[in-house]
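# Inside the fold
Spelled out from the first residue to the last, the chains are:
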Amino acid sequence: MSSSDIFIGETIGTALLILLGGGVVAAVTLKASKARNAGWLAITFGWGFAVLTAVYVSAPLSGAHLNPAVTLALTIKDGEWSNLPIYWGGQLLGAMIGAVLVWVTYYGQFQAHLTDPEIVPGAAALRSKSAATRSKSIEAREKGAGPVLGIFSTGPEIRNAVMNVATEVIGTFVLVIAVLTQGLNDNGNGLGIVGGLITALVVVAIGLSLGGPTGYAINPARDLGPRIVHALLPLPNKGGSDWSYAWVPVIGPLIGAALAAGLYNVAFA
């Protein structure tokens with residue numbers, strides 16, 4: 001695979017992953033959506049199908065890593081580090097593009113949701129103020145996560161750094177060890193056709209079994225890219241992007257991936 005194929009494949013694949021994965025969260029969350037309150041099952045299966053779609057589209061180009069943690073694990077397994085920055089760059093860019101596409105798709109719902117006084121107390125009063133005053137009012141209220149941040153990135157139900165990191169480590173370990181033992185293509189450098197299906201089902205299993213505490217990022221790009229987009233988008237009354245938590249879904253998955261790769265090299269290689 002050439003460097004351009006890797007970058008293009010990872011950008012397209014990760015954009016599709018976030019478009020469909022973030023899209024199902026938006027569908028369940030936003031007030032004017034037909035799927036509002038569809039629940040956790042819809043979210044977990046939506047993310048699983050998002051993985052499946054993204055893998056099958058991008059695998060011919062890049063091997064469909066779609067996740068810096070998976071790329072790190074494969075790099076540790078093979079000892080080939082030269083392509084890691086290319087994969088990571090494509091994944092982060094793709095995640096940001098996918099998040100923007102979610103916003104475009106649900107633009108009307110975002111506007112309605114974030115200007116509804118039942119969702120954002122004082123929204124009507126804020127709308128009537130000048131732009132400068134409104135900006136200061138929103139900034140003063142920005143503490144932690146805003147009302148739609150969960151569409152873009154993850155957050156803990158109980159905020160404890162050690163517990164939250166441990167949850168992400170465990171969830172990513174399960175994902176990566178499944179990829180390394182069951183999901184790889186014949187060349188061992190990415191996901192295969194059957195492996196893509198297996199990986200999608202594993203993602204659903206992780207969401208159902210391990211996703212409750214932190215929302216199962218298990219993918220640094222999936223969390224960081226959309227969080228950056230949330231901070232940049234002109235969403236009314238959007239609140240904070242919870243940057244104090246942002247390191248957890250980056251560090252936790254990378255640790256989990258490294259541990260899984262280490263175990264694979266000891267026990268399976």
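Structure shown above.
What counts as what
Residues numbered from 1 in each chain as written. Predicted model: local features only at pLDDT ≥ 70, side-chain atom pairs only at ≥ 80, totals over all residues. Heavy atoms only, no water. Helix = DSSP H or I, 4+ residues; strand = E, 2+ residues; numbered from the N terminus. Buried < 20%, exposed > 50% of the residue type's maximum accessible area, 1.4 Å probe, protein only. Contact = heavy atoms within 4.5 Å. Areas by Shrake-Rupley, 256 points an atom, 1.4 Å probe, with all protein chains shown as cover. Lys, Arg positive; Asp, Glu negative; His and termini not counted. Charge placed at Lys NZ, Arg CZ, Asp CG, Glu CD. Salt bridge = Lys/Arg side-chain N within 4 Å of Asp/Glu carboxyl O. Axes fitted to C-alpha atoms, helices over the stretch in contact; angles between N-to-C directions. Parallel < 35°, antiparallel > 145°, perpendicular 65-115°, else oblique. Left-handed = near helix turned anticlockwise from the far one by under 90°. Nonpolar A, V, L, I, M, F, W, Y, C, P; charged D, E, K, R; others polar. Core = buried A, V, L, I, M, F, W, Y, C linked by side-chain atoms within 4.5 Å. 1 Å grid on protein atoms, 1.4 Å probe; cavity = no way out; pocket = protein on both sides within 12 Å on 5 of 7 lines; lining within 4 Å. Points joined across faces, edges and corners; volume = space filled by probe spheres on them. Phe/Tyr/Trp six-rings, centres within 6.5 Å; stacked < 30°, edge-to-face > 60°. Patch = residues over 30% accessible without salt bridge, like charges linked within 9 Å, V, L, I, M, F, W, Y side chains within 5 Å.

Moving on, we come to the overall build of the chain. For the chain, the count of helices and strands is 12 helices and 0 strands. Counting from the amino terminus, the chain carries its helices and strands in the arrangement α-α-α-α-α-α-α-α-α-α-α-α. For the C-alpha atoms alone, the extent of the chain along its principal axes is close to 65 × 35 × 35 Å. Relative to its 269 residues, the chain shows a buried fraction of 51%. The long-range fraction of contacts in the chain, counting pairs at least 24 apart against all pairs at least 6 apart in sequence, stands at 78%. Surface accessibility of the chain: about 11,600 Å² in total, with carbon and sulfur atoms responsible for 66%. Placing the 14 positive and 13 negative side-chain charges of the chain at their respective mean positions leaves the two points 16 Å apart.

Moving on: the pattern of salt bridges. Counted under the stated rule, the structure contains 5 salt bridges. For Glu-118, the salt bridge identified is with Lys-31, shortest N-O distance 2.8 Å. Within this pair, whereas Glu-118 is found in the loop between α5 (107-114) and α6 (123-128), its partner Lys-31 is found in the loop between α1 (3-29) and α2 (40-62), the two being separated by 87 residues in sequence. Judged by relative accessible area, which is 66%, Glu-118 ranks as exposed. Here Lys-31 falls in the partly exposed class, since its relative accessible area comes to 33%.

What follows covers the packing of helix α4 (residues 84-105) against helix α11 (residues 220-232). Two numbers describe how α4 lies on α11: the axes approach to 8 Å, and their chain directions differ by 50°. With respect to α11, the axis of α4 lies oblique. Where α4 crosses over α11, the two elements pack in a sense that is right-handed. Across the interface between the two elements, Gln-91, Leu-92, Ala-95, Met-96, Ala-99 and Val-100 of α4 pack against Ala-221, Leu-224, Gly-225, Pro-226, Ile-228 and Val-229 of α11. Considering only residue class, the contact of α4 with α11 consists of 10 nonpolar, 2 polar and no charged.

Take the nonpolar core next. Counting 53 residues, the largest nonpolar core has Leu-17, Trp-47, Phe-110, Val-148, Ile-151, Phe-152 and Leu-235 as the members making the most contacts within it. Setting aside residues up to four positions removed in sequence, Val-148 forms contacts with Leu-30, Phe-110, His-113, Leu-114, His-230 and Leu-235.

Each pocket or cavity is described by its volume, and for the largest pocket that value is around 670 Å³. In terms of lining, the largest pocket is formed by 38 residues, of which the most central are Trp-47, Thr-154, Gly-215, Tyr-216 and Arg-222. Elements with a contribution of two residues or more to the lining of the largest pocket: α1, α2, α8 (149-152), α9 (161-183) and α10 (193-210). The leading source of residues in the lining of the largest pocket is α2, at 5 residues. Each residue belonging to the lining of the largest pocket can be placed in one class, and the counts come to 21 nonpolar, 13 polar and 4 charged. Space inside the second largest pocket adds up to approximately 200 Å³. Every residue along the wall of the second largest pocket is listed here: Met-1, Ile-6, His-65, Thr-71, Leu-74, Thr-75, Asp-78, Glu-80, Asn-83, Leu-84, Tyr-87 and Asn-189.

Inspection of the entire model under this criterion finds 5 aromatic pairs. Their ring planes at 15° and their centres at 5.8 Å tell us that Tyr-264 and Phe-268 sit as a pair that is stacked.

Time to look at unusual backbone geometry. Phi is positive for Leu-66, close to 65°, though the residue is something other than glycine. If you trace the backbone, Leu-66 turns up in the loop between α2 and α3 (68-78). The exposure class assigned to Leu-66 is buried, which follows from its relative accessible area of 4%. Backbone geometry places Ile-218, a non-glycine residue, at a positive phi of 45°.

A cluster of nonpolar side chains, Phe-7, Ile-8, Ile-12, Val-57, Leu-93, Ile-97 and Leu-101, forms an exposed patch at the surface whose accessible area comes to about 530 Å². Those elements giving two or more residues to the nonpolar patch turn out to be α1 and α4. Along the chain, the position of Leu-101 falls in helix α4.

Where α9 contacts helix α12 (residues 248-267), the two axes come as close as 7 Å, and the packing angle between them is 40°. When the interaxial angle is binned, α9 and α12 end up oblique. The crossing of α9 and α12 is right-handed. Along the contact surface, α9 presents Asn-164, Val-165, Glu-168, Val-169, Thr-172, Phe-173, Val-176, Ile-177, Leu-180 and Thr-181, while α12 presents Val-248, Gly-252, Pro-253, Ile-255, Gly-256, Ala-257, Leu-259, Ala-260, Ala-261, Leu-263 and Tyr-264. Taken together, the residues of the contact of α9 with α12 break down into 15 nonpolar, 5 polar and 1 charged.

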